[in-house]
Amino acid sequence: MGEVAVESFIDQLPLHQTAAKDPNDDRQLQVITVESRSMSTGFNGLSNDRVVGELNPVDAWLPITESRNGNIFYAVFHLISSGIGSQALLLPVAFAALGWTWGVICLSISFAWQLYTIWLLVILAESVPGTRYSRYLHLAVVAFGPKLGKLLAIFPVMYLSGGTCVMLIITAGGNMETLYKIACGGGSTCEAKSLTGVEWFLVFTCMAIAIAQILPNLNSVAKVSMVGAITAVAYCTFIWALSINKGRPNGVSYSPSQESKSDMAEFGNIFNAIGKIALAFRGHNLVLEIQGTLPSSRRNPSCQTMWKGTTISYLLIAMCLFPLTITGFWAYGNKVPVNGGLLSALSQVHGHNTSKHVMGTIYLLVLINSLSSFQIYAMPVFDNLEFQYVSKKKQRCPGWVRAGIRLFFGGLTFFIAVAFPFLGSLAPLIGGIALPLTYVYPCFMYILIKKPSRSGAMWWLNVGLGCLGTILSVMLVVAAAWNLADKGLHANFFRPK
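Calculation rules
- Residues numbered from 1 in each chain as written.
- Predicted model: local features only at pLDDT ≥ 70, side-chain atom pairs only at ≥ 80, totals over all residues.
- Heavy atoms only, no water.
- Helix = DSSP H or I, 4+ residues; strand = E, 2+ residues; numbered from the N terminus.
- Buried < 20%, exposed > 50% of the residue type's maximum accessible area, 1.4 Å probe, protein only.
- Contact = heavy atoms within 4.5 Å.
- Areas by Shrake-Rupley, 256 points an atom, 1.4 Å probe, with all protein chains shown as cover.
- Expected span 1.5 Å × (residues − 1).
- Polar contact = N/O pair within 3.5 Å; in protein donor to acceptor, adjacent residues only side chain to side chain.
- Salt bridge = Lys/Arg side-chain N within 4 Å of Asp/Glu carboxyl O.
- Core = buried A, V, L, I, M, F, W, Y, C linked by side-chain atoms within 4.5 Å.
- Patch = residues over 30% accessible without salt bridge, like charges linked within 9 Å, V, L, I, M, F, W, Y side chains within 5 Å.
- Phe/Tyr/Trp six-rings, centres within 6.5 Å; stacked < 30°, edge-to-face > 60°.
- Lys NZ or Arg CZ within 6 Å of the ring centre and 35° of its normal.

1. Details of the overall build of the chain
Okay, step 1: Counting secondary structure elements, the chain contains 17 helices and two strands.
Okay, step 2: Here the chain holds 497 residues, and 54% of them are scored as buried.
Okay, step 3: Long-range contacts, defined as pairs at least 24 residues apart, comprise 83% of the intrachain contacts of the chain with a sequence gap of at least 6.
Okay, step 4: When the accessible surface of the chain is totalled, it reaches about 21,700 Å², and 64% of it is carbon and sulfur.

2. Some details on helix H1 (residues 72-83)
Okay, step 1: Look at H1: 16 Å from first C-alpha to last across twelve residues, which is about the 16 Å you get at 1.5 Å a residue.
Okay, step 2: Taken together, the buried residues of H1 touch helix H7 (222-246), helix H8 (263-280), helix H9 (287-291), helix H10 (302-332) and helix H12 (356-393).
Okay, step 3: Capping of H1 at its N-terminal end is provided by Asn71; its side-chain oxygen lies 3.0 Å from the backbone amide nitrogen of Phe73.

3. Points about the pattern of salt bridges
Okay, step 1: Tallied over the entire structure, the rule returns eight salt bridges.
Okay, step 2: With a closest N to O distance of 3.2 Å, Asp59 and Arg135 form a salt bridge. Highlighted residues: Asp59 in the loop between strand S2 (51-55) and H1 and Arg135 in the loop between helix H2 (91-124) and helix H3 (136-144), separated in sequence by 76 residues. For the residue pair Asp59 and Arg135, the accessibility class agrees, reading buried in each case.
Okay, step 3: Across the pair Arg402 and Glu386 runs a salt bridge whose closest N-O atoms are separated by 2.8 Å. Taken together, the positions of Arg402 in helix H13 (residues 399-419) and Glu386 in helix H12 put the pair 16 residues apart, joining distant regions of the chain.

4. A short note on the nonpolar core
When a protein is soluble and globular, its nonpolar side chains tend to lie buried together.
Okay, step 1: Judged by nonpolar contacts, the single largest core of 136 residues is most densely connected at Phe204, Tyr235, Ile239, Phe374 and Met445.
Okay, step 2: Setting aside its immediate chain neighbours within four residues, Phe204 contacts Leu168, Ile169, Ala172, Met176, Leu367, Ser370, Leu371 and Phe374.

5. What to know about the environment of Gly130
Okay, step 1: Mapping Gly130 onto the fold places it in the loop between H2 and H3.
Okay, step 2: Its relative accessible area of 45% is what places Gly130 among the partly exposed residues.
Okay, step 3: When the C-alpha atoms of Gly130 and Arg298 are compared, they prove to be 9.0 Å apart, with 168 residues separating the residues in sequence.

6. A closer look at a nonpolar patch on the surface
Okay, step 1: There is a patch of nonpolar side chains on the surface, built from Met264, Val474, Val478 and Trp482 and spanning about 310 Å² of accessible area.
Okay, step 2: For the nonpolar patch, the element with the most residues is helix H17 (residues 457-487), which contributes three residues.
Okay, step 3: By the element assignment, Val474 lies in helix H17.

7. A few points about the environment of Pro249
Okay, step 1: Within the secondary structure, Pro249 is located in the loop between H7 and H8.
Okay, step 2: When the C-alpha positions of Pro249 and Val349 are compared, they lie 7.5 Å apart, and in sequence the two are 100 residues distant.
Okay, step 3: If sequence neighbours within four positions are ignored, Pro249 has contacts with Ala331, Lys335 and Val349.

8. Things to note about the packing of aromatic side chains
Okay, step 1: Going through the model one piece at a time under the given rule, you end up with 22 aromatic pairs.
Okay, step 2: On the numbers, 5.9 Å between centres and 50 degrees between planes, the contact of Tyr180 with Trp200 is tilted. With Tyr180 in helix H4 (residues 146-184) and Trp200 in helix H6 (residues 197-213), this pair connects stretches of sequence that are 20 residues apart.
Okay, step 3: Given a relative accessible area of 9%, Trp200 falls into the buried group.
Okay, step 4: Measuring from centroid to centroid gives 5.4 Å for Tyr254 and Phe329, while their planes differ by 65 degrees, and the two rings are edge-to-face. With a gap of 75 residues between them, Tyr254 in the loop between H7 and H8 and Phe329 in helix H10 connect regions that are remote in the sequence.
Okay, step 5: According to the relative accessible area criterion, Tyr254 is partly exposed, its value standing at 21%.
Okay, step 6: One residue, Arg406, lies across the ring of Phe382, its end atom 4.4 Å from the ring centre.

Structure representation (structure tokens):
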């Protein structure tokens, strides 16, 4: 949602007049006056000739843009907490299918590609003078038009927000059960006293929503994100350092899997491996939202602070993911299980000769990181639901409404996690559909908004990357669908393990 309401988008942003100040609200509403001037005609045929020169008051009422007191440290914490997740633990599985050479090449290309698209999003956030686009969906609407923009972006944005929260419930529930077994020492007594899968899901959801209730906006999540960033770096370091210290077990092989019985099956395995690498880099649906929490001025635009924070955070992310992947594949080779990744491999291979305090600490760090990531990934959903209320009532959400929205979201994600505990098996398929949000849309949005010369390098680079990303997305969806048809899907509806 841009801070300046454009005439063409009045129907999307109904509250474009300055709201009266609530006498009970001690927070002042910032109003930024923008010089009235003729601007270049629209993006994708939309007229931008007439601009309303005041800050949209709706933004001061919504969780993402309610507070703009962030700084470079907050941005770094948010980016690391949202950028490192359970997908990183599956990277050695991809190397098992691709081998050393192609694994390293694909990992390096994916890292550089997604970092480039983040840079595009950062500069597009303030691509129009006097306007800030603080939400991915609104930038897509500006670039592609209202109908096409919503069609292309709504599903990926909501899946990468709400769907990630569902996956966090599923994986964290399993990790909490494992942590409990480590703490009580295992055995039949532990099994008898352990909670069921549904109960573990409920415990994690209650913890996550309880934290969300005391975090009114995205800027207030910064301290939680700091904890999430520290725990993410810590558990990645613990896992790869412990894997090196324990050494390689006997029978480790680094050769690509030869189990494929047909060319199509081999094609599916290769592209599933590429998909695991491509989907390991996440958080693009949060970049504009994080930048929206930063202050901005002509002298110091938010894009400068955001890019510095991005550089620092992705340097740290690279220092986590590359050693984790390379040492994990070196230590376990083809023995890394598809379900659980490195965490399961470490537990299965070295669990018997590793202190339970060390193993418990690793699982605890992963759990804390999951709680922290839940907060930042849920915020765009909270923001969208509150926007629906604000648009109809033309006032800020009362505290009880905001609390109710968070409880509703927690209940919905818990229900989906219980109903579809096998959602991780569908991640390659759904992730392939959402992949353009990371690798494709930023390239085309840059062309449509910035309009570089067709004879220039930026035009050809972005068209090439956008087309390549589209082809890659289609291939990943085909490969994932083939694997599901070939190997089948264990659809254990309402029966989480």
